[in-house]
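Listed below are the residues making up each chain.
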Amino acid sequence: MNQTPTLDEVSVNVITDDRPVDFHALGLAGCIDRLTTPLRRSGTSVRWETPHHGIEIPAACAALLYHAAQESLSNAYKYAHATRLTIRLAAVYHGIRLDIMDDGAGFDTQSLSGRRHGFGVRLMSIAVHEAGGTIAIDSGPGHGTRVTITLPLD
């Protein structure tokens, strides 16, 4: 049985992983890294920065960051046509921050307010805010995209 998601397993261009998410065994970074397989197979270079030095991330925070990464990576896969992607998971004062940056096509962030676009991003934003966190999306046509999510750990 194939243990890694393939491009064919990307349902409606949403990156999925059919294996159970195991934060205890793989850590959050390991689980998110499995989601990058379709991007790597399509030629995108993926770089990791994880200076969080093994801090303990509560399961609810890990799950939220994992799903936010899944949405961000799916959007990068579907729309960005990036050649480089950087994922940074770092401890910040009383919290954890996830940055996902690509050098792809970018987009006008004002388009997220329309009824036909950005539904997944809006749901991700609501979930982050309900958890007491912040989300910032920095993008522009031709300038790539950076999604930054910060969640409190206390």
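Residues numbered from 1 in each chain as written. Predicted model: local features only at pLDDT ≥ 70, side-chain atom pairs only at ≥ 80, totals over all residues. Heavy atoms only, no water.

Colleague: Explanation requested: the side chain of threonine 36 in the structure shown.
Modeller: Position of threonine 36 among the secondary structure elements: in the loop between α1 (23–35) and α2 (37–41). Within the structure, threonine 36 has its side chain in polar contact with the backbone oxygen of aspartate 33 (distance 2.6 Å). Not counting residues up to four positions away in its chain, the partners in contact with threonine 36 are Val46, Leu73 and Ile87. (Helix = DSSP H or I, 4+ residues; strand = E, 2+ residues; numbered from the N terminus. Polar contact = N/O pair within 3.5 Å; in protein donor to acceptor, adjacent residues only side chain to side chain. Contact = heavy atoms within 4.5 Å.)

Colleague: What is the right way to read the environment of threonine 145 from this model?
Modeller: With respect to the helices and strands, threonine 145 occurs in strand β5 (residues 145–152). Along the backbone, threonine 145 and serine 72 are 73 residues apart, and their C-alpha atoms lie at a distance of 9.5 Å. Within the structure, threonine 145 has its side chain in polar contact with the side chain of serine 139 (distance 2.8 Å).

Colleague: What is the right way to look at the pairing of strand β3 (residues 95–102) in this model?
Modeller: Regular strands have side chains that alternate between both faces of the sheet. When you tally the buried positions in β3, you get seven out of eight residues, the bulk of the element. With eight bridges joining them, strand β2 (residues 84–92) and β3 adopt antiparallel strand pairing. The residue bridging valine 92 from the neighbouring strand is glycine 95, located in β3. Count of turn residues in the β2/β3 antiparallel hairpin: two residues, of which histidine 94 carries a positive phi of about 60°. With eight bridges connecting them, β3 and β5 associate as antiparallel partners. Directly across from isoleucine 96, in β5, lies its bridge partner leucine 151. (Buried < 20%, exposed > 50% of the residue type's maximum accessible area, 1.4 Å probe, protein only. Pairing = 2+ DSSP bridges.)

Colleague: Just checking my understanding: could you explain the pattern of salt bridges for this structure?
Modeller: Charged atoms that come close allow side chains of opposite charge to pair. Counted under the stated rule, the structure contains six salt bridges. Across the pair aspartate 33 and arginine 40 runs a salt bridge whose closest N-O atoms are separated by 2.9 Å. The exposure class of arginine 40 is partly exposed, given its relative accessible area of 35%. Residue glutamate 49 pairs with arginine 88 through a salt bridge whose shortest N-O separation is 2.5 Å. Within this pair, whereas glutamate 49 is found in strand β1 (residues 45–49), its partner arginine 88 is found in strand β2, the two being separated by 39 residues in sequence. Judged by relative accessible area, which is 18%, glutamate 49 ranks as buried. Exposure remark for arginine 88: the relative accessible area of 24% places this residue in the partly exposed category. (Salt bridge = Lys/Arg side-chain N within 4 Å of Asp/Glu carboxyl O.)

Colleague: What exactly am I supposed to notice about the side chain of threonine 150 here?
Modeller: Looking at where threonine 150 falls in the secondary structure, it is placed in strand β5. Owing to a relative accessible area of 16%, threonine 150 belongs among the buried residues under this scheme. A polar contact of 2.8 Å, which involves the side chain of threonine 150, links it to the side chain of arginine 97. If sequence neighbours within four positions are ignored, threonine 150 has contacts with Val92, Ile96, Arg97, Gly133 and Thr134.

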